Amino acid sequence: MKATHDDTTFTLTGRIWSATYPLEELPKWLAFYRSRRERFPRAATSYEATIAALEALEKELAART
């Protein structure tokens, strides 16, 4: 999973899909994927790459401010 951004949006890119969202929605999507991991523990590993990419993006953006 890869997360990239520009000044107003971020894009998540997986093996077969990608999606772009406004930067202000980053906390919402990170919370969503963390809740999926907790709610569906048997599938938790499938969310790890997305969570890691979003957390890295969050950290990168925080360092800029």
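Residues numbered from 1 in each chain as written. Predicted model: local features only at pLDDT ≥ 70, side-chain atom pairs only at ≥ 80, totals over all residues. Heavy atoms only, no water.

Novice: Even after reading the chapter, I still don't get the packing of aromatic side chains, so can you show me in this structure?
Specialist: Both the distance between ring centres and the angle between the ring planes are used here to describe each pair of aromatic rings. The full count for this structure, using the stated rule, is six aromatic pairs. Ring centres 4.6 Å apart and planes at 40° place the aromatic pair Tyr 21 and Trp 29 in the tilted group. Residue class for Tyr 21 comes out buried when judged on its relative accessible area of 15%. Classification of Trp 29 as buried rests on a relative accessible area of 18%. Measuring from ring centre to ring centre gives 5.1 Å for Phe 32 and Tyr 33, while their planes differ by 80°; the resulting arrangement is edge-to-face. According to the relative accessible area criterion, Phe 32 is partly exposed, its value standing at 33%. Judged by relative accessible area, Tyr 33 falls into the buried class, the value being 11%. (Phe/Tyr/Trp six-rings, centres within 6.5 Å; stacked < 30°, edge-to-face > 60°. Buried < 20%, exposed > 50% of the residue type's maximum accessible area, 1.4 Å probe, protein only.)

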